[in-house]
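Structure at a glance
Residues per chain, in single letters:
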Amino acid sequence: MATATDSDFEAIQGVTPTAQAAMLARRYMHEFKVPADGLAGFPLTAHANGAGNKNAMFRKAITLEAYQKAEPVSDPLNMFDVAPNADGAAAVLLTRRELLPKDFAHPLVRIAASASASDTLGLHNRPNPLWLAAAQVSAEQALRKAGMHREQVDLFEYHDVYSIYAALCLEAAGFAPTGQGWKLAADGRIGLTGQIPCATLGGSKARGNPGGATGVYQAVEAALQLQGRAGPNQIGGAKVAMIQCLGGPAASAVTHILERLGISEPDSS
């Protein structure tokens, strides 16, 4: 707990990561006039996508009514706003094109760029606790290094261990204006056929939260999308994916841009 919250000013007072996320959500909902069920779009999207992922913990879509009736965990977050802890395994194989067998059947996925950034651990030390500066910086740097524009990103695997972080990540990465991230989910714009598909195989909420392995899961799931191997959850024509993983309340943020190459296309990097 002390590694996810400030030990001197937060953890020592009994603040848990869940309580901290709830306080952020309460402030966000107050400041931007978000309705009580305004964050519902994130778990609804995750569970709808999890239904098509055979490796997800929860493979059943949920309704808005189910969300509204869910037991509270830490007001205003309920059980559908908190990703369940999970075990499991995921692995990423990094190699050079010339080391692959000549009959390798899948399109190659290149790490076009990576960037990391850090911020204060204590929220009270930030000018605006609702702005994830590290997530913004890492996303912008990764796009710049890749020589790409945000509009080229076909899917975004954000950090959705709590619904509020999904909203804040969308805003920090520039996919939504400040205070409007929740509307992308509420309006269905993060669905598989939406403006910016997110949590395409269920995210931490439906697939399960593997803790420190979250970033590896994101890389695997994004690679499956770029290779056209995501089954019923496949994003048509996906060529570029952004994945972003946070440490604590975005005290650190790491963003990768993954790009699909042809089956035999050389990697210019």
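These figures come from a predicted structure and were not determined experimentally. (Residues numbered from 1 in each chain as written. Predicted model: local features only at pLDDT ≥ 70, side-chain atom pairs only at ≥ 80, totals over all residues. Heavy atoms only, no water.)

One open sheet holds the four strands; their spatial order is β3-β6-β5-β4, and the pairing between them is mixed. At either margin of the open sheet sits one strand with a lone partner, and together these are β3 (109–118) and β4 (155–157). Across the sheet, the axes of successive neighbouring strands diverge by a mean angle of 15 degrees, strand direction being ignored. In the sheet, β4 pairs with strand β5 (residues 240–247) via three bridges, with the strands oriented parallel. For Phe156, the partnering residue across the bridge sits in β5 and is Met242. Here helix α4 (residues 133–146) sits on the sheet and contacts β3, β5 and β6 (252–260); the angle it forms with β3, its principal contact strand, is near 145 degrees. (Pairing = 2+ DSSP bridges. Helix = DSSP H or I, 4+ residues; strand = E, 2+ residues; numbered from the N terminus. Axes fitted to C-alpha atoms, helices over the stretch in contact; angles between N-to-C directions. Contact = heavy atoms within 4.5 Å.)

Taken as a whole and judged by the stated rule, the model has five aromatic pairs. Grouped by ring-pair contacts, the aromatic residues Phe42, Phe156, Tyr158 and Phe175 constitute a single cluster. (Phe/Tyr/Trp six-rings, centres within 6.5 Å; stacked < 30°, edge-to-face > 60°.)

Here we take up the pattern of salt bridges. Applying the stated rule across the entire model yields eight salt bridges. The salt bridge partner of Arg110 is Glu259, with a shortest N-O separation of 2.6 Å. Note that Arg110 is positioned in strand β3 and Glu259 in strand β6, a separation of 149 residues in sequence. Two residues, Glu221 and Arg207, come together in a salt bridge whose shortest N-O distance is 2.8 Å. Pair noted here: Glu221 is in helix α8 (residues 214–226) and Arg207 is in helix α7 (residues 203–207), with a separation of 14 residues, a long-range link. Arg207 carries the same exposure label as Glu221, and that label is buried. (Salt bridge = Lys/Arg side-chain N within 4 Å of Asp/Glu carboxyl O. Buried < 20%, exposed > 50% of the residue type's maximum accessible area, 1.4 Å probe, protein only.)

For Asn233, the position within the fold is in the loop between α8 and β5. Given the relative accessible area of 3%, Asn233 is considered buried. Here Thr200 takes part through its backbone oxygen, which lies 2.7 Å from a polar atom of the side chain of Asn233. Sequence-distant contacts of Asn233, that is, excluding residues within four places in its chain, are made with Asn49, Gly52, Asn53, Leu192, Thr200, Leu201 and Gln225. (Polar contact = N/O pair within 3.5 Å; in protein donor to acceptor, adjacent residues only side chain to side chain.)

Before going further, it helps to examine the pairing of β5. Among the eight residues of β5, seven are classified as buried, and the element is accordingly described as predominantly covered. Judged from the eight bridges that link them, β5 and β6 form a sheet pairing that is antiparallel. Counted as the bridge partner of Leu246 is Ala253 from β6.

Right, let's talk about the pairing of β6 for a bit. With nine bridges joining them, β3 and β6 adopt antiparallel strand pairing. Opposite Ser114, over in β6, you have His256 as the bridge partner. Counted along the chain from β5 to the antiparallel partner β6, the turn is four residues long, and its residue Gly248 has a positive phi close to 60 degrees.

Turning next to unusual backbone geometry. A cis geometry characterises the amide bond from Asp75 onward to Pro76, with omega recorded as 10 degrees. You can see Pro76 is positioned in the loop between β1 (72–74) and β2 (77–78). Despite not being glycine, Lys33 shows a phi value in the positive range, around 55 degrees. Relative to the assigned elements, Lys33 resides in the loop between α1 (17–31) and α2 (41–50).

Once that is clear, we can look at the nonpolar core. Soluble globular proteins tend to pack their nonpolar side chains together in the buried interior. Of all hydrophobic cores here, the largest spans 60 residues; its most connected members are Phe42, Phe156 and Tyr158. Not counting residues within four places of it along the chain, the set of residues in contact with Tyr158 comprises Phe42, Ala166, Cys169, Leu170, Ile190, Cys198, Ala199, Gln218 and Gln244. By size, the runner-up hydrophobic cluster in this structure holds nine residues, among which are Ala219, Ala222, Leu226 and Ile243. (Core = buried A, V, L, I, M, F, W, Y, C linked by side-chain atoms within 4.5 Å.)

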